[in-house]
Amino acid sequence: MNVETSAVTESVSHRMVAGRKPELSQSAAVANGEVALLARLRQGNEGAFDELVTRHHSALIRMAMGYVADREVAEEVVQDTWMVVIEGLGQFEGRSSLRTWIFGIMIHKAKDRGVREKRHTNFSSFESADDEGDEAIDPSRFHQSGEWAGHWAFPPQPWDDQTPEKLLASQQAVTAMNRAIEALPRTLKDVLILRDVEGVETKEVCDILKITETNLYVRLHRARERVRQAVETHLERRPSAV
Amino acid sequence: MAQEEGQPILSEITCQEITQWVSAYLDEHVADERKRHIALHLAICAGCETYVKQIATVRDVVGLLPKAVKQPADSQRLRQAFVARAKRSPAGG
């Protein structure tokens, strides 16, 4: 287990492009509620462990699903991840945040398991798929030529009455969004789950996924756009009287 | 990206280009000059303004969606492992 732990231990990637507006520094991210939790974990506090698991388990499962064949295997991967975390807590030095460390272990284990299962053998092509290549939005929504080339031909219609609360109150809208998220390619889903679902700061997402900030925003926007399209389609199908 | 002569001046950036920068713009991760161009464009383009609002709504809603899984299937085993590990090494070392 130590080999696995060390392979992903707190390695902080510095491949990011220069951020114009830095968010929390690494130490601040660690200080962001984790220091006290880490201290309790090291004291063997069961409540702290439950808190840690509750905090991250859902996102770990959702992300692991992108690497392995099914839910059952994803559960095993995350269960194994927690075992490595338990064994490694004593050696964890806090050079990265606890969350970065835990997610790094999961990704390492999930990749290993995915490759062993030969379900996703071609990781390199899988990783590069759906990155920077294509446009985020269907290009046919824009004028293709003429003096208005590149400007909206079919602009989005305002969602005037659709506050986040209202969307969340609609089971159909929630289902549409969840389906769109689950259908995302892994590279996009990882970024969306970490940044928007879990609220992880940009720099930390880059550290966890070992990608640049530029790359993160390309992926994040493509992911958000697909969810936006799902909402748009859902609203278009809705009876106009609602 | 240079504006060609004869194109309508909606600002120096097209809507299609704007849309690619929306998420970075919302998170304030764009350079000042680009931010200015985007802001100028949004001030006069209803389509892009709507688009930015929709992406912001998506960003906010995604974090509030109900989460399906709360606990591991075998949380008891994990807790026991945690306690056992803590007993072996109470100071965490």
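Residues numbered from 1 in each chain as written. Chains lettered and ligands numbered in written order. Predicted model: local features only at pLDDT ≥ 70, side-chain atom pairs only at ≥ 80, totals over all residues.

### Describing the overall build of chain B
Helices and strands together make up the secondary structure of chain B, namely four helices and zero strands. Out of the 93 residues in chain B, the part that is buried amounts to 35%. In chain B, the share of contacts with a sequence separation of at least 24, taken over all contacts with a separation of at least 6, comes to 59%. (Helix = DSSP H or I, 4+ residues; strand = E, 2+ residues; numbered from the N terminus. Buried ≥ 20, exposed ≤ 12 C-beta atoms within 10 Å, placed from the backbone. Contact = placed C-beta atoms within 7 Å.)

### Some points on the confidence of the model for chain A
Detailed conclusions should not be drawn from predicted coordinates in areas where pLDDT is low. Residue and element names in this part refer to chain A. Looking at chain A as a whole, its pLDDT mean stands at 81, while 78% of the residues score no less than 70. In the model, residues 1-31 has pLDDT below 50 throughout and makes 50 contacts with residues more than four positions away in sequence or in other chains. A low-confidence stretch, residues 121-130 stays under pLDDT 50, and its non-local contacts, those more than four residues away or across chains, total nine contacts. (pLDDT = per-residue confidence, 0-100.)

### Some thoughts on the interface of chain B and chain A
Of the residues lining the interface, 50 residues belong to chain B; the matching set on chain A comes to 53 residues. Residue assignment for the side of chain B that touches chain A shows that the elements contributing at least two residues are helix 1 (15-26), helix 3 (46-62) and helix 4 (75-88) of chain B. Here the element with the most residues in the side of chain B that touches chain A is helix 3 of chain B; it accounts for eleven residues. Tallied by class, the residues present in the side of chain B that touches chain A amount to 22 nonpolar, 18 polar and ten charged. (Nonpolar A, V, L, I, M, F, W, Y, C, P; charged D, E, K, R; others polar.)

### Remarks on helix 1 of chain B
The periodicity of an α-helix, 3.6 residues per turn, causes residues three or four positions apart to be oriented the same way. Given a rise of 1.5 Å per residue, twelve residues ought to cover 16 Å, and the 16 Å separating the end C-alpha atoms of helix 1 of chain B matches this to within 8%. Of all the twelve residues making up helix 1 of chain B, nine are buried; the element is thus mostly covered by neighbouring parts of the structure. When helix 1 of chain B is considered as a whole, its buried residues turn out to be Cys15, Gln16, Ile18, Thr19, Trp21, Val22, Ser23, Ala24 and Tyr25 of chain B. Residues of helix 1 of chain B that are buried in the fold lie against helix 12 (213-237) of chain A together with helix 2 (32-44) and helix 3 of chain B. Glu28 of chain B, located one to two residues past helix 1 of chain B, shows a positive phi value of around 55°. (Expected span 1.5 Å × (residues − 1).)

### Some remarks on the packing of helix 4 (residues 46-64) of chain A against helix 5 (residues 71-88) of chain A
All names here are of chain A. Taken N-terminus to C-terminus, the directions of helix 4 and helix 5 make an angle of 135°; their axes are 9 Å apart at the nearest point. By the angle class used here, helix 4 and helix 5 are oblique. The two elements helix 4 and helix 5 meet at a crossing, and its hand is right-handed. Taking contact as the criterion, the partners of Val53, His57, Leu60, Ile61 and Ala64 in helix 4 are, on helix 5, Ala74, Glu75, Val77, Val78, Thr81 and Trp82. Here the residues of the contact of helix 4 with helix 5 sort into eight nonpolar, two polar and one charged. (Axes fitted to C-alpha atoms, helices over the stretch in contact; angles between N-to-C directions. Parallel < 35°, antiparallel > 145°, perpendicular 65-115°, else oblique. Left-handed = near helix turned anticlockwise from the far one by under 90°.)

### Examining helix 4 of chain B
Over its 14 residues, helix 4 of chain B extends 20 Å from the first C-alpha to the last, a length consistent with the 20 Å expected when each residue adds 1.5 Å. Taken together, the buried positions of helix 4 of chain B are Leu78, Phe82, Arg85 and Ala86 of chain B. The buried side chains of helix 4 of chain B occupy one side of the element, clustering within an arc of 100° when seen end-on. More than 90 degrees from the buried face of helix 4 of chain B, the exposed residues found are Gln76, Gln80, Ala84, Lys87 and Arg88 of chain B. Tucked inside the fold, the buried residues of helix 4 of chain B contact helix 4 and helix 5 of chain A. (Arc of directions from axis to C-beta.)

### Here we look at the environment of Pro158 of chain A
In this fold, Pro158 of chain A is placed in the loop between helix 7 (123-128) and helix 8 (164-169). Looking at Pro158 of chain A, the number of C-beta atoms within 10 Å reads 14, which means it is partly exposed.

### What about the packing of helix 4 of chain A against helix 4 of chain B?
Interaxial distance between helix 4 of chain A and helix 4 of chain B falls to 10 Å at its minimum, and their mutual angle equals 135°. Regarding the angle of helix 4 of chain A to helix 4 of chain B, the classification is oblique. Along this stretch, helix 4 of chain A crosses helix 4 of chain B, giving a crossing that reads as right-handed. Mapping the contact onto sequence places Glu46, Phe49 and Val53 of chain A in helix 4 of chain A and Ser75, Leu78, Arg79, Phe82 and Val83 of chain B in helix 4 of chain B. Classifying every residue of the contact of helix 4 of chain A with helix 4 of chain B gives five nonpolar, one polar and two charged.

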